[in-house]
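For reference, the chains in residue letters:
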Amino acid sequence: MLCKHCQLPLPPPRRQEARDGRAGEREGGRIQEDRFCCYGCYLAYRLVGNQGEEGEASWILIKLGAGVFFSMNAMMFNLLLYLEYFQGMSADLRAAIHYLLFALSTPVMFLLGFPFLYKAGQGLLRTSFTMDSLIALGALSAYLYSTYTTFTGQSGVYFDTGNMILVLVTLGRFLEAKAKARTSESLRRFLQLSVSEATLLRDGEEHRVPVQDIRVGDVVKILPGEKIPVDGKIIEGETWVDESMLTGESRPVQKGRGDEVFGATLNHEGYILVEAVHVGEDTVLSQIVKLIEKAQLSRAPLQKLVDKISNLFVPVILGVALMTFMAWAFRGNLEAALLNSLAVLLISCPCALGLATPMAACISLGRAAEEGVLIRTGEALEKLTQLHAIFFDKTGTLTQGRMVFSGLWLPASGFRPPTEDQFLSVAASLEACSEHSVGKSIVEVVRQRNLPFYNISEFKVTPGMGVQGKIKIMTESQGEPGIGPWLPAYIGNERYFRENHLALSESLLLERERFQSEGKTVVFCGWGGEAKGILGFSDEIRKEAPQAIESCRRLGLELFILSGDHPLAAQSVGKALNISAVQAPLLPSEKVKAIQGVQRAGYRVAMVGDGMNDAPALAQADVGIAMGSGTDLAKETADLSILGGDLRKIPWGIELAITTYRKIKGNLFWAFIYNVLGIALAAMGVLTPVLSATAMILSSLCVIATPSG
């Protein structure tokens, strides 16, 4: 196990630490280890005060700041030496400058270089070489040779070259650690959605207890407006539950006896008793966090490819440097042998190859940002060019994410059939006293149409079913609304109407099926002993969605919909957008499994989503794309964020990536050719170490200067 701050091995925990628990702290129901390899790392922790990924990023920043300070001073004196500013001065003064450079560079080597040296040493023991091996080789060779010349009184020191290598690479590591820290912060905010206390029923008495004290089989009481503390099943009561943070479904879900409920979801209306089935780390909420962490740790295909190349490249460079040394030493020139072999090691340092992709992508990333497409890394840009399929979440991604009134149906026959305006007024009058999202939609429609609201008395809500009240409705003999007798009126689901013995005609039930086949939520409204009609509600498809889907299809991508919504609602959206591969209803973990199944078939996939429930799938996909209206967790987990939520930016971004990647491949080719030629010239003695260090910088400038868009 390694120290998070300096990557050195941790010592075993002392017995006293194990007894009193000082080796870790509990956070969000999980043990967070906080151990250090030495007092230096402990002091850094005390200065920074952060833990986990935030602590790691802060510690890297501290090291980077110190490294930059020492490196800039060393570079200034080295530059003066290169320009022969001290020419004519005494040898003692020049030696003093060399010792000063040694003193400035040694902290850089230990602060920034030690993690790379340690990993390179571990790789050497396993005969495995990575990019860290190349970095350690270039920096260490410059440092050791410069140290040798300093203490032997010879000329030629290259401390600044080794320092520059370490500073540039550590900067990249800091940016990576900072991105992980942002994700961890979002995960903590996500965990804060959980409940801290709950009402536990035990021996007929209610006890307010911490959620951590609830065990499987315990019964908890949840009142309207409270969050559900654990995963479990309802043993008493009926209600509507807002599960949008898990499933993404915009409408509350009706729940009754025997139905499953999940921790951190919101109980809307009814009083329920829930028997705990999963608690602590076994809840769906905790599983989402674990899925995100696991997926983020496992995704590094580009790094694996780089390491494979490095595994071959490092031995080749070592062989070239050794042959260079032997060839020049055989000629009897030991100093030239040392200088030329050092030049080979310096010119081979992978700075140019490492910069080729991100620098060439820089212009394209900036252009994408101007268009409202934020791409997190150059690696994500590359992955966009390799996609075979795109998975779309439905609610809030392909649709607007809110329930809107989409139509009604009234039978032509029946006893005193109402007009459309009268029917809407009755429905809105009943729902005006309700907090249900569907009810709010009806009220909004009636207000927009400037229709009247009727007086309501004896209003009553049946949680999970519907509402009723007595209302004055006009009759044929009375020409004005609101002056008829008080009549019981109802609005709710089919079960509610049957339990209140209101007649449902065959034509009404057939029309209900048609509405549901179109993915609409159906509500009945009636009075006078019968249902007078039905109202339909749907989540409207985004206006730009058809064009965006067609553009993706032209790029040769296979399209899928993954939704936590009702199957008919998801299939309706799929039919409207000509997407046949629709899977619903799915929990976050099931979305991850769906993506993994396609990935196992060799596909590279993207996932487009907007909610916390999409975060695990976004992390699992090769490319995660978050819509601009999405949650912080979705955005932090994603590789791309579409500001403004315009779906057409997705195919635009893919086309931009394809164009850019062609430029990137050209940059990589020329950087590789540059390195090969440089190594050959260094081996022949044409390039001195100074020129090799300069050539390394020039190769990076060549990469930057190559057009990329």
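Residues numbered from 1 in each chain as written. Predicted model: local features only at pLDDT ≥ 70, side-chain atom pairs only at ≥ 80, totals over all residues. Heavy atoms only, no water.

Colleague: Looking at this model, I keep getting lost on a nonpolar patch on the surface. Mind explaining?
Modeller: Nonpolar side chains collect at one region of the surface, where Val68, Met72 and Met75 lie side by side and expose about 240 Å² of accessible area between them. Position of Met72 relative to the elements: it lies in helix 3 (residues 52-82). (Patch = residues over 30% accessible without salt bridge, like charges linked within 9 Å, V, L, I, M, F, W, Y side chains within 5 Å. Areas by Shrake-Rupley, 256 points an atom, 1.4 Å probe, with all protein chains shown as cover. Salt bridge = Lys/Arg side-chain N within 4 Å of Asp/Glu carboxyl O. Helix = DSSP H or I, 4+ residues; strand = E, 2+ residues; numbered from the N terminus.)

Colleague: Is there a simple way to explain the packing of aromatic side chains in this structure?
Modeller: Centre distance and the angle of the planes are the two values used to describe a pair of aromatic rings. Within this structure, the stated rule accounts for 12 aromatic pairs. Ring plane angle 70° and centroid distance 5.4 Å describe the contact between Phe69 and Phe70, whose orientation is recorded as edge-to-face. Plain terms: the ring middles of Phe110 and Phe114 are 6.0 Å apart, the flat faces sit at 15° to each other, and that makes the pair stacked. Of this pair, Phe110 and Phe114 both sit in helix 4 (residues 91-125), four residues apart, which is roughly one turn of that helix. Taking relative accessible area as the criterion, Phe114 reaches 33% and is therefore assigned partly exposed. Each member of the aromatic cluster is reached from another via a ring pair, and the members are Tyr99, Phe102, Tyr143, Phe151 and Phe159. The ring of Trp328 has Arg331 lying over it, and the distance from NZ or CZ to the ring centre is 4.8 Å. Residue placement shows Lys649 over the ring face of Trp652; its charged tip is 5.9 Å from the ring centre. (Phe/Tyr/Trp six-rings, centres within 6.5 Å; stacked < 30°, edge-to-face > 60°. Buried < 20%, exposed > 50% of the residue type's maximum accessible area, 1.4 Å probe, protein only. Lys NZ or Arg CZ within 6 Å of the ring centre and 35° of its normal.)

Colleague: So what exactly am I meant to see when it comes to the side chain of Ser563 here?
Modeller: Here Ser563 is to be found in the loop between strand 20 (558-562) and helix 19 (567-576). Leaving out residues up to four positions away in the same chain, Ser563 has contacts with Asp393, Lys394, Ala570, Gln583, Ala584, Pro585, Leu586 and Lys591. (Contact = heavy atoms within 4.5 Å.)

Colleague: Just checking my understanding: could you explain the confidence of the model for the protein for this structure?
Modeller: Detailed reading of predicted coordinates is not advised where the pLDDT is low. Within the protein, residue pLDDT values average 77, and 72% of them lie at 70 or more. With pLDDT under 50 throughout, residues 15-33 is counted as low confidence; its partners more than four residues away or in other chains account for 24 contacts. Contacts of residues 629-633 to residues separated by more than four positions or lying in other chains number 15 contacts, the stretch itself having pLDDT below 50. (pLDDT = per-residue confidence, 0-100.)

Colleague: I keep staring at the nonpolar core and nothing clicks. Help me out?
Modeller: In summary, soluble globular proteins display a tendency toward joint burial of nonpolar side chains. Ranked by internal contacts, the top residues of the largest apolar core, which has 32 residues, are Ile390, Phe392 and Ile650. Setting aside its immediate chain neighbours within four residues, Phe392 contacts Thr397, Leu398, Ile549, Leu559, Phe560, Ile561, Leu562, Met607, Val608, Leu647 and Ile650. (Core = buried A, V, L, I, M, F, W, Y, C linked by side-chain atoms within 4.5 Å.)

Colleague: Mind showing me how you'd approach the sheet that holds strand 16 (residues 466-472) here?
Modeller: Strands pair in a sheet through their backbones, by hydrogen bonds, and they do so in one of two ways: parallel or antiparallel. As summarised here, the arrangement of the six strands in space is 14-19-18-17-16-15, forming an open sheet in which the pairing is antiparallel. What marks the edges here is a single partner per strand, and that holds for strand 14 (399-409) and strand 15 (456-462). Geometrically, the sheet is characterised by an average inter-axis angle of 20° between neighbouring strands, direction not taken into account. (Pairing = 2+ DSSP bridges. Axes fitted to C-alpha atoms, helices over the stretch in contact; angles between N-to-C directions.)

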